Amino acid sequence: MIHYDFSGQAAIVTGGTRGIGRAIAESFLAAGARVIATYVGNETAAAAFREANRAHAERLDVRKCDVTDYGQTEALFKALEQSCPAGIDILVNNSGIRRDSILGMMKPEDWRAVLDVNLNGTFNMTKLAVLAMMRKRYGRIVNITSPCAHFGFPGQANYAASKAGQIGLTRSVSKEVATRGITVNCVSPGFIGTDLIKDLPDKLRQQYLDQIPLKRFGNVDEVAACVLFLASKEAAYVTGTVLEVTGGL
Ligand code: NAD
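Everything numeric here is computed off the predicted structure, so don't read it as measured data.

Draft legend 1. Main features of the site of the ligand. In the vicinity of the ligand lie 27 residues, with Asp66, Asn94, Ser95, Tyr159 and Thr194 positioned nearest. Between Thr194 and the ligand, the recorded distance is 2.5 Å, taken from a side-chain N or O atom to an oxygen atom. Isolated, the ligand exposes 830 Å² of accessible area, and the fraction of that covered by the protein chains is 95%. Those elements that provide at least two residues to the shell around the ligand are helix H1 (19–30) and helix H6 (157–177). The residue makeup of the shell around the ligand, split by class, is 13 nonpolar, 10 polar and 4 charged.

Draft legend 2. Region of interest: unusual backbone geometry. Backbone geometry at Arg137 places phi at a positive 55 degrees, although glycine is not the residue there. Structurally, Arg137 is set in the loop between helix H4 (108–136) and strand S5 (139–144). At Lys215, a position not held by glycine, the phi torsion is positive, near 60 degrees. Structurally, Lys215 is set in the loop between helix H7 (202–211) and helix H8 (220–231).

Draft legend 3. Structural detail: the side chain of Asn93. Relative to the elements of secondary structure, Asn93 occurs in strand S4 (residues 90–93). For Asn93, a relative accessible area of 2% translates into the label buried. Looking at Asn93, its side chain comes within polar contact range of the side chain of Asn143, at 2.8 Å. Apart from residues lying up to four places away in sequence, Asn93 is in contact with Thr14, Gly121, Thr122, Met125, Thr126, Ile141, Val142, Asn143, Ile144 and Gln166.

Draft legend 4. Focus on the packing of aromatic side chains. With the rule as written, the count across this model stands at 7 aromatic pairs. Between Phe153 and Phe191 the ring centres are 6.0 Å apart and the planes differ by 40 degrees, which places this aromatic pair in the tilted class. Of this pair, Phe153 sits in the loop between helix H5 (148–151) and H6 while Phe191 sits in the loop between strand S6 (182–189) and H7, placing them 38 residues apart in sequence. Put simply, the rings of Phe151, Phe153, Phe191, Tyr208 and Phe217 pair up and form one aromatic cluster.

Draft legend 5. Geometry of helix H2 (residues 43–52). Taken together, the buried positions of H2 are occupied by Ala45, Ala46 and Phe49. Projected onto a plane normal to the axis of H2, the buried residues spread over an arc of 100 degrees and lie on a single side. Close packing links the buried residues of H2 with H1, strand S2 (34–39) and strand S3 (60–64).

Draft legend 6. Up close: the pairing of S3. As judged from the 5 bridges shared by S2 and S3, these two strands associate in the parallel manner. Its bridge partner being in S3, Thr38 is matched across the sheet by Arg63. Read as a crossover between parallel neighbours, the route from S2 over H2 to S3 is right-handed.

Calculation criteria
- Residues numbered from 1 in each chain as written.
- Predicted model: local features only at pLDDT ≥ 70, side-chain atom pairs only at ≥ 80, totals over all residues.
- Heavy atoms only, no water.
- Near = heavy atom within 4 Å.
- Polar contact = N/O pair within 3.5 Å; in protein donor to acceptor, adjacent residues only side chain to side chain.
- Areas by Shrake-Rupley, 256 points an atom, 1.4 Å probe, with all protein chains shown as cover.
- Helix = DSSP H or I, 4+ residues; strand = E, 2+ residues; numbered from the N terminus.
- Nonpolar A, V, L, I, M, F, W, Y, C, P; charged D, E, K, R; others polar.
- Buried < 20%, exposed > 50% of the residue type's maximum accessible area, 1.4 Å probe, protein only.
- Contact = heavy atoms within 4.5 Å.
- Phe/Tyr/Trp six-rings, centres within 6.5 Å; stacked < 30°, edge-to-face > 60°.
- Arc of directions from axis to C-beta.
- Pairing = 2+ DSSP bridges.
- Right-handed = clockwise from strand over helix to strand, strands pointing away.

Written out as structure tokens, the structure reads:
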């Protein structure tokens with residue numbers, strides 16, 4: 001792993017206590033950042049995450065926040081004005097869900113739930129982060145999208161639409177805030193072994209593996225390494241882009 005120095009910087013990672021988000025949060029902690037890891041409801045995972053990172057307790061803040069609820073995201077940023085008076089440097093919009101089915105069978109509530117977490121949640125957090133970052137004329141925003149945004153896997157119209165929406169949001173906002181020292185990018189992980197894909201049937205899993213040029217699924221640390229690059233000061237000239245971490249998919 002490349003060693004970055006994020007000491008003195010504060011990073012919010014949504015959905016930061018499990019899966020890819022946890023690896024990102026732990027990589028920031030290892031690199032010296034103050035980390036605010038949010039979760040929505042899995043208290044067991046949140047407690048395990050807090051316990052595993054006890055050595056960094058003074059730089060770790062684990063907060064419950066449903067990104068779909070604008071009031072909760074506003075309350076989070078308000079609270080951080082007290083606990084992080086120097087402001088937020090980095091936001092990683094990692095929270096995401098799937099509710100797969102072919103479109104004809106898709107329940108409207110499953111369409112809305114996926115758009116709500118993956119896209120509206122990204123809007124809620126990004127809007128508040130941009131306002132806070134503009135004050136310090138510095139910021140790094142990284143949105144976790146998916147190759148589904150351009151491949152459009154069958155059974156994932158809601159997920160694909162939400163992830164394509166994140167890319168559009170990223171490109172527009174990157175242009176709005178470029179002169180304020182804020183960059184906005186996406187990382188697009190391919191198949192990564194987390195809870196999100198544990199329900200994939202074996203046959204489909206094998207079909208996906210066959211299509212990946214590197215012939216394996218990725219791991220969470222490989223995604224975190226790319227997020228840390230885009231979040232670093234060194235990535236100052238990279239904005240409005242999508243970094244694919246897909247094994248060549
Ligand atoms: P995961 O299921 O382990 O984690 C999802 C996270 O989202 C959890 O921490 C959960 O708390 C959080 N979350 C869900 N609803 C939320 C809400 N309303 N408010 C706040 N947080 C909420 O899955 P993962 O694989 O770690 O996924 C992380 C991100 O990576 C997602 O955006 C996902 O779409 C994306 N992604 C994953 C893969 C993969 O293969 N695993 C591939 C491409 C993209």
